[in-house]
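Topology and contacts: notes
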Amino acid sequence: MKSKLIRKEHLAPKIIVIDGLPGCGKTMLSPIIASFERTEVMTFSYELEFILTLFYLEKITSDAAVTMIRSITDLKIYNLMMSREVNFRPSDLSSIFKNQSPFRYIKRLFQDGDEKVPELIAKRNPILIITTHQMMALSMPLFNALEDRLIFVELVRHPLYMLKQHEENMANVNSLARDFDMQIEFENNQIPFYAKNYEREFFEGSPLEKGILFIDKFTSLSEKTKSELTKEQSERLITIPFEEFVLNPFPYVEKISSSLESEITKKTKREMKKQNVPRQKIADGLSLEVYKRFGWEPSKKGYTERDELDERYNYALTKIITKENIKFLDKIVKEYDDKYMINI
């Protein structure tokens, strides 16, 4: 007889997951939220991504996924309160030195930990911030595991602004030992798990075509998952279009603050200024080396928002792309335009 896995207790009082496809702006939004009252530094969680991926691939049971999610989120807040497994690497986007309150983590190194931590958590009521990649589509176990402790923020962005990063990612998708996405087998080759159900098209496509197919499939899967959420679960989901946020962030910042029951602080205003939001133009992002590596370019002087999009569309047409995949590109562009770009 198989035992059912359970975990009834919890340490983490509130967890916010910030998710989206690669290139959607998560590392712009996450530090802004990490400046709210009681929030911790943002952390990436490949462990949660692995669990959700394994459940999606039907390799683990529902009770295993739920129990592991509860355990991992508790372990993360437990370690953060003692500065265990904290990122001290200054150049990383998830470094404590990119946070508005870095020195609290240095202080914690020398304070009591272990058995004192549950008492400390109860006193401070901290908010755990986890940033994930493309997990909205697979997120049902998260909602089931964390229940009313979870706020899930889905950041979406125009496909044309994400294409270059996806092309760069896909160019090396099967050749990097440090690519930690789960892989599946296809005709004695390994391909990323997210190519499930369109394996041949993915395998045979150019890097740009792989990116287009991925955006299309996972956007559709995300919409399906959202349609299956209960009313209570839907109330804990906040979908934010990148374009609206960078032009007018205040309604979204206030909504997240209210959902977390966490106050916006002076540090929030400093972080927003650092991230250049609000901004005059959508493309006026930060000139960081990590962004440049994935195709970021400054906005063109005199260009309208539509000119910027047209230039990115024309770039796609200069690459290896079949007529069929141009249709997929047109499809995802139109769907996003119709849903999120009406007033821009």
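As shown above, the structure is provided for reference.
Structure report, in brief. (Residues numbered from 1 in each chain as written. Predicted model: local features only at pLDDT ≥ 70, side-chain atom pairs only at ≥ 80, totals over all residues. Heavy atoms only, no water.)

1. Focus on the overall build of the protein chain
A count of helical and extended segments in the protein chain gives 16 helices and 7 strands. The globule rule puts the C-alpha radius of gyration for 344 residues at 20 Å, and the 20 Å found for the protein chain is close to it. With the C-alpha coordinates of the protein chain rotated into their principal frame, the extents come out at 60 × 55 × 40 Å. Taking the contacts inside the protein chain whose residues are at least 6 apart along the sequence as the reference set, 75% of them involve residues at least 24 apart. Total accessible area computed for the protein chain in this model is approximately 17,300 Å², and 53% of it derives from carbon and sulfur atoms. Each charge class in the protein chain can be summarised by its mean position, and for the 52 positive and 52 negative side chains these summaries are 5 Å apart. (Helix = DSSP H or I, 4+ residues; strand = E, 2+ residues; numbered from the N terminus. Rg over C-alpha atoms; globule rule 2.2 N^0.38 Å. Contact = heavy atoms within 4.5 Å. Areas by Shrake-Rupley, 256 points an atom, 1.4 Å probe, with all protein chains shown as cover. Lys, Arg positive; Asp, Glu negative; His and termini not counted. Charge placed at Lys NZ, Arg CZ, Asp CG, Glu CD.)

2. Structural notes on the side chain of Ser95
Turning to its location among the elements, Ser95 is positioned in the loop between helix H3 (62-80) and helix H4 (103-108). Here the side chain of Ser95 touches Arg89 through a polar contact of 3.0 Å, landing on its backbone oxygen. With residues up to four places along the chain from it excluded, the contact list for Ser95 reads Val41, Asn87, Phe88, Arg89 and Pro90. (Polar contact = N/O pair within 3.5 Å; in protein donor to acceptor, adjacent residues only side chain to side chain.)

3. Side note on the packing of aromatic side chains
In this description, a pair of aromatic rings is defined by centroid distance and the angle of the planes. Taken as a whole and judged by the stated rule, the model has 15 aromatic pairs. Aromatic pair Tyr194 and Phe202: ring centres 6.0 Å apart, planes at 75°, arrangement edge-to-face. For Tyr194, a relative accessible area of 6% corresponds to the buried category. For Phe202, a relative accessible area of 0% puts it in the buried group. Ring pairs connect the aromatic residues Tyr56, Phe193, Tyr194, Tyr198, Phe202, Phe214 and Phe218, which therefore count as one cluster. Across the ring face of Phe242, the terminal group of Arg157 is positioned such that the distance to the ring centre comes to 3.8 Å. The ring of Phe202 carries Lys210 above its face, with NZ or CZ at 5.3 Å from the centroid. (Phe/Tyr/Trp six-rings, centres within 6.5 Å; stacked < 30°, edge-to-face > 60°. Buried < 20%, exposed > 50% of the residue type's maximum accessible area, 1.4 Å probe, protein only. Lys NZ or Arg CZ within 6 Å of the ring centre and 35° of its normal.)

4. Concerning the pairing of strand S1 (residues 14-20)
For a regular strand, side-chain orientation follows a simple rule: the groups alternate between the two sheet faces. Among the 7 residues that make up S1, 7 are buried, leaving the element largely enclosed by the rest of the structure. Two elements, S1 and strand S3 (residues 127-133), share 7 bridges in a ladder whose sense is parallel. Across the sheet, the residue bridging to Gly20 is His133, located in S3. (Pairing = 2+ DSSP bridges.)

5. With respect to the nonpolar core
One finds Ile16 and Phe245 to be the most contacted residues of the largest nonpolar core, which totals 98 residues. Among the elements that make up this core, the one with the highest residue count is H3 (7 residues). Excluding anything up to four places from it in sequence, Phe245 contacts Met28, Leu29, Ile32, Ile240, Tyr252, Val253 and Val277. (Core = buried A, V, L, I, M, F, W, Y, C linked by side-chain atoms within 4.5 Å.)

6. Concerning the pattern of salt bridges
This structure, assessed with the given rule, holds 18 salt bridges. With a shortest N-O distance of 2.6 Å, Asp338 and Lys334 are connected by a salt bridge. Remark: Lys334 and Asp338 occur in helix H16 (residues 323-340); sequence separation between them is 4 residues, near one turn of the helix. Taken together, the shared-partner salt bridges connect Glu154, Glu223, Lys226 and Lys339 into one network. (Salt bridge = Lys/Arg side-chain N within 4 Å of Asp/Glu carboxyl O.)

7. Details of the packing of helix H15 (residues 305-317) against H16
The N-to-C vectors of H15 and H16 enclose an angle of 160°; their axes lie 11 Å apart at closest approach. In terms of orientation, H15 lies roughly antiparallel with respect to H16. Viewed along their axes, H15 and H16 form a crossing whose handedness is right-handed. For the pair formed by H15 and H16, the contact residues are Arg306, Tyr313, Ala316 and Leu317 on the first element and Ile326, Leu329, Asp330 and Asp337 on the second. Partitioning the contact of H15 with H16 into residue classes produces 5 nonpolar, no polar and 3 charged. (Axes fitted to C-alpha atoms, helices over the stretch in contact; angles between N-to-C directions. Parallel < 35°, antiparallel > 145°, perpendicular 65-115°, else oblique. Left-handed = near helix turned anticlockwise from the far one by under 90°. Nonpolar A, V, L, I, M, F, W, Y, C, P; charged D, E, K, R; others polar.)

8. Side note on the sheet that holds strand S4 (residues 150-156)
Pairing within the open sheet is parallel, and its 5 strands lie in the order S2-S3-S1-S4-S7. Each of the sheet's edge strands pairs with one partner strand only, and the pair in question is strand S2 (43-44) and strand S7 (237-241).

9. Describing helix H12 (residues 250-260)
Side chains that are three or four residues apart share a direction in an α-helix, a result of its 3.6 residues per turn. Listing the buried residues of H12 in full gives Tyr252, Val253, Ile256, Ser257 and Leu260. Buried positions in H12, seen along its axis, are confined to an arc of 135° and lie on one side of it. What points out from H12, more than 90 degrees from its buried face, is the exposed set Glu254 and Ser258. With its phi angle positive at about 55°, Glu261 sits one or two positions after the end of H12. (Arc of directions from axis to C-beta.)

10. Things to note about the pairing of S3
A large share of S3 lies buried, amounting to 7 of its 7 residues. Taking every second residue as pointing to the same face, both faces of S3 are buried, with Ile127, Ile129, Thr131 and His133 on one and Leu128, Ile130 and Thr132 on the other. Relative to S3, S2 runs parallel, the two sharing 2 bridges. Looking across to S3, one finds that Phe44 is bridged to Thr131.

11. Comments concerning the environment of Asn99
By the element assignment, Asn99 lies in the loop between H3 and H4. Between the alpha carbons of Asn99 and Ser35 there is a distance of 7.4 Å; along the sequence they are 64 residues apart. Only 3.3 Å separates the side chain of Asn99 from the side chain of Arg104, close enough to count as a polar contact.

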